[in-house]
Structures are given as C-alpha cells and as structure tokens.
Amino acid sequence: AVVSTQSTGVVFFEIGGCFGRFHAARMYSIYLGEGDTPEWFTTAEILVRKATRVGREMMKPGVRVAEVDKAMRDIIALYPYPHKQSERSGYSIGIGFYTDWSNPEFFMHPTSEGSFQENMTIHLIPWIQLPGKGAIGFSDTVLVTEHGGESLFEGDNYEQRSYK
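Before going into details, it helps to say that this report is about the structure given with it. (Residues numbered from 1 in each chain as written. Predicted model: local features only at pLDDT ≥ 70, side-chain atom pairs only at ≥ 80, totals over all residues. Heavy atoms only, no water.)

## Examining the pairing of strand β9 (residues 140–145)
Extensive coverage of β9 is indicated by the burial of five of its six residues. As paired strands, strand β6 (residues 121–124) and β9 are joined by four bridges and run antiparallel to one another. Along β9, the bridge assignment pairs I122 with V142. Note that β9 and strand β10 (residues 148–151) share four bridges and pair antiparallel. Counterpart to V142 in the pairing with β10 is S151. (Buried < 20%, exposed > 50% of the residue type's maximum accessible area, 1.4 Å probe, protein only. Helix = DSSP H or I, 4+ residues; strand = E, 2+ residues; numbered from the N terminus. Pairing = 2+ DSSP bridges.)

Quick look at the structure:
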C-alpha cells in the first residue's frame, strides 16, 4: 500500500496472502476526502469492477486468453478521462516462491496466444492509472472452471459500494 500525507485522494492497496506457498492477491482502491466521491473515481470503479466481473465470467477451459483480455480492455476503454490501462489484465498465481507470487509464464495481454485450462488460478487486474491522481483497481483471484472463473474470496463483493 502507498501511504500519503495528503488528506484527500486515492489510496491503492495490493495485498497478497500465502498459505503453504499457495498465493492469492487482491487490489483495492479507496478515495479519501470530504463530501461526495468524485465522479472520475466512481466511473473508474464501475468500469474496473465490470471488467473484472466480465473477465471472470468468460474464463472457461478452451477460451482464448486474448479474447478475455480484449473484452476487459474494451470496458476500460470506455473511461472518459485521460488514463493508462495496465499492460496486462491478469496473470497466473498460486504456488510461488518469495518474493514474487506471480508466474511469469502466463500473462493476460493483447498478444496472448494460449487458452484457459480448468483449475488454472488467475489474478485478474484490470486497473486504471490516472495521471496526477493514482491507480484505481479492484482485482480478484479466480479459479478457472467449466462455469467460468470462481472467486477464491468469500462473498460477492464486486458491486460498487460507497461509504460515508
């Protein structure tokens, strides 16, 4: 997590957990400030959560990785303000060694040539980088099943939430 001395702005977290060398990760962003959350943040949150949900639903054995990446990027591209998308929309995660929980042999990006296989574990990371504001990301670690990606986290917490 990045900690700032500012009293308002985006705080971006990427947290990993490990049990018996099996890793799962999650990124989450919050906006700190008085009054209503700015529209540029809530719009980004809605699109990133939608891209994560759509990607998770599409992740079935045999589906091409580039197809899922494109669907997620097409959603993020709807963001109406200047931004940069992440270079990859996901990567394999699971059994790992200190200090990196990702598997560099499987990245989701526009030129990915592979297909999803049952029981793959993927960290979906469709985040938006906003110049001068920070990163807005809401990720999920999912298991590929014949019915789509199944979140490794309890509960369906991918709907937008506002807290006052």
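## Quick look at a nonpolar patch on the surface
A contiguous nonpolar surface patch, about 270 Å² in accessible area, is contributed by F22, I95 and L152. Mapped onto the secondary structure, I95 falls in strand β4 (residues 90–97). Here I95 falls in the exposed class, since its relative accessible area comes to 60%. (Patch = residues over 30% accessible without salt bridge, like charges linked within 9 Å, V, L, I, M, F, W, Y side chains within 5 Å. Areas by Shrake-Rupley, 256 points an atom, 1.4 Å probe, with all protein chains shown as cover. Salt bridge = Lys/Arg side-chain N within 4 Å of Asp/Glu carboxyl O.)

## Observations regarding the side chain of R56
Summarising the element assignment, R56 is placed in helix α1 (residues 39–58). Among the polar contacts made by the side chain of R56, one reaches the side chain of D140 at a distance of 2.9 Å. (Polar contact = N/O pair within 3.5 Å; in protein donor to acceptor, adjacent residues only side chain to side chain.)

## Examining the nonpolar core
Counting residues in each nonpolar core, the largest one holds 29 residues, and the members touching the most others are M59, M108, F116, I122 and I136. When residues of this core are traced back to their parent elements, those giving at least two are α1, α2 (65–76), β5 (100–108), β6, β7 (128–130) and β9. In terms of nonpolar packing, the next biggest core, distinct from the first, is built from seven residues, F12, I93, I125 and A135 among them. (Core = buried A, V, L, I, M, F, W, Y, C linked by side-chain atoms within 4.5 Å.)

## Considerations on the pairing of strand β2 (residues 22–32)
Where strand β1 (residues 9–19) lies against β2, eleven bridges are found, and the strand directions are antiparallel. Residue pairing for β2: I15 is matched across the bridge by R26. Where β1 hands over to β2, the hairpin turn is made up of two residues, of which G20 adopts a positive phi near 55°.

## Structural notes on the pattern of salt bridges
According to the stated counting rule, one finds six salt bridges in the structure shown. For D74, the salt bridge goes to K70, with nearest N and O atoms at 2.7 Å. In this pair, D74 and K70 are both assigned in helix α2, four residues apart and thus about one turn of the helix distant. Given a relative accessible area of 40%, D74 falls into the partly exposed group. Here the residues in one salt-bridge network are R26, R56 and D140, joined through shared partners.

## Describing the packing of α1 against α2
It is the contact of α1 with α2, at a shortest axis distance of 8 Å, that shows an interaxial angle of 160°. By the angle class used here, α1 and α2 are roughly antiparallel. The handedness of the crossing between α1 and α2 is right-handed. Contact residues: α1 offers L47, V48, K50, A51, V54, G55 and M58, while α2 offers E67, V68, A71, M72, I75 and I76. Of the residues belonging to the contact of α1 with α2, the class tally is ten nonpolar, one polar and two charged. (Axes fitted to C-alpha atoms, helices over the stretch in contact; angles between N-to-C directions. Parallel < 35°, antiparallel > 145°, perpendicular 65-115°, else oblique. Left-handed = near helix turned anticlockwise from the far one by under 90°. Contact = heavy atoms within 4.5 Å. Nonpolar A, V, L, I, M, F, W, Y, C, P; charged D, E, K, R; others polar.)

## Some words on the environment of G149
Structurally, G149 is set in strand β10. In the structure, G149 is positioned 92 residues away from E57 in sequence and 5.7 Å away in space, judged by C-alpha atoms. Residues in contact with G149, not counting those within four places in the same chain, are R56, M59, V142 and L143.

## Observations regarding the sheet that holds β7
In space, the three strands of this open sheet follow the order β3-β7-β8, with antiparallel pairing throughout. For this open sheet the edge positions go to β3 (84–85) and β8 (134–136), each flanked by a neighbour on one side alone. Strand contacts of α1: β7 and β8, with the helix running at about 45° to β8, the strand carrying the most contacts.

Function-wise, these values are silent; they only describe arrangement.
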